[in-house]
Amino acid sequence: MIAAMLMIGLIGFIVWAHHMYTSGIDTSTKAYFTAATMVIAIPTGIKVFNWLATMYGGSIWLYTPMYFAVGFVILFTIGGITGIVLANAGIDTSIHDTYYVVAHFHYVLSMGAVFAIYGGFYYWWGKMTGLNYSESLGQTHFWMTFVGVNLTFFPMHFLGSGGMPRRIPDYPDMYQFYNTLATYGSFISFFSLLFFFYVIYRSFIDQVKCPRNPWIFIDSRDLIDRMIGLVYYVEKYGVYGKNKPKEITADFIEKWLSVKYVTNRYIISAESIKTTTLEWTLTSPPALHTFLVPPKIFTTGKHYKEYRWNARMHTRRKFLPLYLGKLELTKDRFCTTIYITYNPLITNHKIFGSKELN
């Protein structure tokens, strides 16, 4: 993925004349820029297959952010395919400055980028504001936007292939049907934008609090087992350990349900947890100055040892994770250490608070 992004950035410097096939450049120059433009499709295809492989290797839960992510891949791919068509100088001579070009760059830039932004917005909305959005409204917004933009821009491929130029105030009657479809689609797209603001409005009005990690999917049996473990722990140890007041707060229950992922018969299985990065262990929204200094994150796990990642030699054992038996703390400084374990059997986030050294 990184190599593909670098290649697209580099090759992008040498394909600029594919916008100028009708400007009078010679045939040899056209041939070069046609070849260079088609070559850029290779790293772009790598990115698309990388996204598909990521979904194939993961667990897909079709909530609003995932809908927009899949929609982005679909629209971006359609735009890329039409880009390969336009890369050919002979074809581009016929459809240059037509609505085919308008459809192409809107599928790549406008629709692809907007769907990615929408997906990120819905994914992070709860963490940013501390409020959940309505899932039914979010999915309604997706389908309104998806239908609207496709109904607007997909007919433009047929208009461009039929020879309708862009930037004209009027058009012959032969183009009426597809222009009517595009008009209806633009109205749907406009109302989908208004509906998006309504989703935000409802989020603030409903005031449904977002937990630390809203991306945990469990069935009722797992949840009951988890609550049994909570009751057992509090009865035996209290909330803050032995001989301490047994006061159960909402934040304590939230931590127990969504943060401590030690695998046993009381705990949610690792397969149910879809996000394991640091931010989902913090409150929503995270408090100011959560960490006094940037945290040190040590990743451990058996499969990492095989690659000697964050591992050191030991006299008795071959490899040990770097954090075992040693904390790298700087004198007269605050330090926060985060242990993140990616063991297939144990998915556990242990957050050790800041500590001031003498």
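A short tour of the structure in this document, coming up. Bear in mind the structure is a predicted one, so any value in this text is a computation, not a measurement. (Residues numbered from 1 in each chain as written. Predicted model: local features only at pLDDT ≥ 70, side-chain atom pairs only at ≥ 80, totals over all residues. Heavy atoms only, no water.)

### Considerations on the overall build of the protein chain
Summing up its helical and strand segments, the protein chain has 12 helices and five strands in all. Within the protein chain, contacts between residues separated by at least 24 positions form 71% of all contacts whose residues are at least 6 apart in sequence. With the model as given, the accessible surface of the protein chain reaches about 21,200 Å², and the carbon-plus-sulfur share is 65%. (Helix = DSSP H or I, 4+ residues; strand = E, 2+ residues; numbered from the N terminus. Contact = heavy atoms within 4.5 Å. Areas by Shrake-Rupley, 256 points an atom, 1.4 Å probe, with all protein chains shown as cover.)

### Examining a nonpolar patch on the surface
Taken together, the side chains of Phe187, Phe190, Phe191, Leu193, Leu194 and Phe197 define a hydrophobic patch exposed on the protein surface, amounting to about 610 Å² of accessible area. Here Phe197 shows up in helix α9 (residues 176-206). Judged by its relative accessible area of 49%, Phe197 is partly exposed. (Patch = residues over 30% accessible without salt bridge, like charges linked within 9 Å, V, L, I, M, F, W, Y side chains within 5 Å. Salt bridge = Lys/Arg side-chain N within 4 Å of Asp/Glu carboxyl O. Buried < 20%, exposed > 50% of the residue type's maximum accessible area, 1.4 Å probe, protein only.)

### Points about the environment of Leu282
By the secondary structure assignment, Leu282 is in the loop between α11 (250-258) and β1 (296-300). Accessibility expressed as a relative area gives 14% for Leu282, which makes it buried. For Leu282 and Lys127, which are 155 residues apart along the polypeptide, the C-alpha to C-alpha distance reads 8.9 Å.

### Quick word on unusual backbone geometry
A positive phi angle, near 60°, is found at Asp97, a position not held by glycine. Relative to the elements of secondary structure, Asp97 occurs in the loop between α5 (89-95) and α6 (99-129). One non-glycine residue, Gln207, lies in the positive phi region at around 55°. Within the fold, Gln207 resides in the loop between α9 and α10 (220-237). Classification of Gln207 by relative accessible area gives partly exposed; the value is 39%.

### Some points on the layout of surface pockets
Estimates place the volume of the second largest pocket at around 870 Å³. Gly79, Gly80, Gly83, His104 and Val108 are, among the 30 residues lining the second largest pocket, the residues nearest its centre. Put simply, the parts of the chain that give the lining of the second largest pocket at least two residues each are α3 (41-57), α4 (64-87) and α6. When residues in the lining of the second largest pocket are grouped by element, the largest group, nine residues, is from α4. The class makeup of the residues in the lining of the second largest pocket is 15 nonpolar, 11 polar and four charged. (1 Å grid on protein atoms, 1.4 Å probe; cavity = no way out; pocket = protein on both sides within 12 Å on 5 of 7 lines; lining within 4 Å. Points joined across faces, edges and corners; volume = space filled by probe spheres on them. Nonpolar A, V, L, I, M, F, W, Y, C, P; charged D, E, K, R; others polar.)

### Focus: the pattern of salt bridges
Close approach of charged atoms allows side chains with opposite charge to pair. Scanning all chains against the criterion turns up three salt bridges. Arg166 is the salt-bridge partner of Asp97, the closest N and O atoms lying 3.6 Å from each other. Of this pair, Asp97 sits in the loop between α5 and α6 while Arg166 is found in the loop between α8 (155-161) and α9, placing the two residues 69 residues apart along the sequence. With its nearest N and O atoms 3.9 Å apart, the salt bridge here joins Arg167 to Asp97. Residue Arg167 is found in the loop between α8 and α9, and its partner Asp97 is found in the loop between α5 and α6; the two are separated by 70 residues along the sequence. A cluster of three or more residues bridged by salt bridges with shared partners is formed by Asp97, Arg166 and Arg167.

### Digging into the packing of aromatic side chains
All told, the structure shown has 32 aromatic pairs when counted by the stated rule. Ring geometry for Tyr107 versus Phe154: centroids 6.5 Å apart, planes at 75°, classification edge-to-face. Pair noted here: Tyr107 is in helix α6 and Phe154 is in the loop between α7 (135-153) and α8, with a separation of 47 residues, a long-range link. Here Tyr107 falls in the buried class, since its relative accessible area comes to 0%. Using a relative accessible area of 37% as the deciding quantity, one classes Phe154 as partly exposed. (Phe/Tyr/Trp six-rings, centres within 6.5 Å; stacked < 30°, edge-to-face > 60°.)

Scope: geometric values only; no functional claims are made or implied.
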